[in-house]
Amino acid sequence: MPDRASVQACPRCGRMFQYPGFGPICCSSCKEFDNMEFEKVKKYLNEHGYATSLEIAEATGVTEKKILRYLTESRLEIPESSPIFIQCTVCGCDIRSGKYCTECASRLSSELQGAYMSLAGEKPKFFSQNTGKMHVIKTRDSKREERITMSPRKKDKDKNKDKDKNKDIDKE
Ligand SMILES: [Zn+2]
Ligand SMILES: [Zn+2]
C-alpha cells in the first residue's frame, strides 16, 4: 500500500484517481458502491446481532471476500465470544479486526507517522489473558473463514450516533 498521496489506477475499475495517501485504494465511484454494500452488511448485523461471513453473504448478496475485507479494514470486528479470530500479519497473535495488533501497529506507526493505527485491532481479552493457545488452526483456509463471526464495530456506532436515529442498534 502506498503511504503517500499520488495518482493511482483503481484496482477494481482501472480508472486513474488521486489517492489521498491513506485508506483503501480505489476511486470514488468504487468507494461509493463499496459503502453502499457495507451499509447493507451493517444493517444486517444490527438487526441480527452476530453472524458469520457466510450467513451475511447469503443474506445481503455481498461476497464473502468483501465481508472479510471489511474485517481487515477494521470496519467490522469479531466479538469477544468467538472461538476464532484473525491474526496480526506481523506477529501472528489473535486480533478481532484490522491487520495488526496494537503493539505492532504502534511500532510500525512510529516509523511511518501513524499510518498503521487505523488498521490496528483489539486482541480478544479472554484468550490473551489465559494461555493464548486455546485454539485453532493458524493456516488460512476458507472453511475456517466461513465460521468467523462478525459484529459491527462499537466505534462505528458511536461515530454514527448523530446520523443514526435507529435506537435498536444499541441493544447488545
Ligand atoms: Zn474504481
Ligand atoms: Zn502483532
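Scroll up to find the structure this text is about.
Criteria and cut-off values
Residues numbered from 1 in each chain as written. Chains lettered and ligands numbered in written order. Predicted model: local features only at pLDDT ≥ 70, side-chain atom pairs only at ≥ 80, totals over all residues. Helix = DSSP H or I, 4+ residues; strand = E, 2+ residues; numbered from the N terminus. Buried ≥ 20, exposed ≤ 12 C-beta atoms within 10 Å, placed from the backbone. Pairing = 2+ DSSP bridges. Contact = placed C-beta atoms within 7 Å. Axes fitted to C-alpha atoms, helices over the stretch in contact; angles between N-to-C directions. Parallel < 35°, antiparallel > 145°, perpendicular 65-115°, else oblique. Left-handed = near helix turned anticlockwise from the far one by under 90°. Nonpolar A, V, L, I, M, F, W, Y, C, P; charged D, E, K, R; others polar. Arc of directions from axis to C-beta.

A count of helices and strands for the chain gives seven helices and nine strands. Here the chain holds 172 residues, and 26% of them are scored as buried.

This part takes up the sheet that holds strand 4 (residues 76–77). Pairing within the open sheet is antiparallel, and its three strands lie in the order 3-9-4. Two strands close off the open sheet at either side, each with one partner strand: strand 3 (51–52) and strand 4. Alignment of strand 3 against strand 9 (residues 149–152), held across two bridges, turns out to be antiparallel. Bridging across to strand 9, T52 finds its partner in T149. Contacts from helix 1 (residues 28–48) reach strand 3 and strand 9 within the one sheet, and its direction differs from that of strand 9 by about 100 degrees.

Looking now at the packing of helix 1 against helix 2 (residues 53–60). The geometry of helix 1 relative to helix 2 is characterised by a closest axis approach of 10 Å and an angle of 115 degrees between their N-to-C directions. Considered as vectors, helix 1 and helix 2 are oriented roughly perpendicular to each other. For the pair helix 1 and helix 2, the crossing hand works out as right-handed. Side by side, helix 1 and helix 2 meet where K40, V41 and Y44 of the first sit next to I56, A59 and T60 of the second. Of the residues belonging to the contact of helix 1 with helix 2, the class tally is four nonpolar, one polar and one charged.

The next subject is the pairing of strand 9. In terms of strand pairing, strand 4 meets strand 9 through two bridges, oriented antiparallel. Across the sheet, E77 pairs through a bridge with S151, a residue of strand 9.

In this section: the environment of K40. Checked against the element boundaries, K40 lands in helix 1. Here the alpha-carbon distance between K40 and T60, two residues 20 residues apart in the chain, equals 6.4 Å. If near-sequence neighbours (up to four positions away) are discounted, K40 is found in contact with T60 and V62.

So, about helix 2. Turning to helix 2, its buried residues are S53, I56 and T60. The buried residues of helix 2 all sit within an arc of 60 degrees when viewed along its axis, so they share a single face. Downstream of helix 2 by a residue or two, G61 has a phi angle that is positive, lying close to 80 degrees.

Turning next to helix 3 (residues 64–72). Among all positions in helix 3, only I67, L68, Y70 and L71 are buried. The arc enclosing the buried residues of helix 3, seen along the axis, measures out at 150 degrees, which places them on a common side. Just past helix 3, the residue S74 takes up positive phi, approximately 60 degrees.

Attention shifts here to unusual backbone geometry. Residues other than glycine seldom take positive phi values, yet S74 does so here, at roughly 60 degrees. Along the chain, the position of S74 falls in the loop between helix 3 and strand 4.

The topology assignment puts T89 in the loop between strand 5 (86–87) and strand 6 (94–95). Take T89: there are 14 C-beta atoms within 10 Å of it, and that puts it in the partly exposed class. Spatially, the C-alpha atoms of T89 and C104 are 9.1 Å apart, while their sequence positions differ by 15 residues. Once you skip the residues sitting within four places of it in the chain, T89 turns out to touch K99 and Y100.

The subject of this paragraph is the packing of helix 2 against helix 3. As a packed pair, helix 2 and helix 3 sit with axes 9 Å apart at the nearest point and diverge in direction by 125 degrees. Classified by the angle their axes make, helix 2 and helix 3 are oblique. The crossing of helix 2 and helix 3 is right-handed. The segment helix 2 lies against helix 3, with S53, L54, I56 and A57 engaging E64, I67 and L68. Its residues assigned to classes, the contact of helix 2 with helix 3 shows five nonpolar, one polar and one charged.

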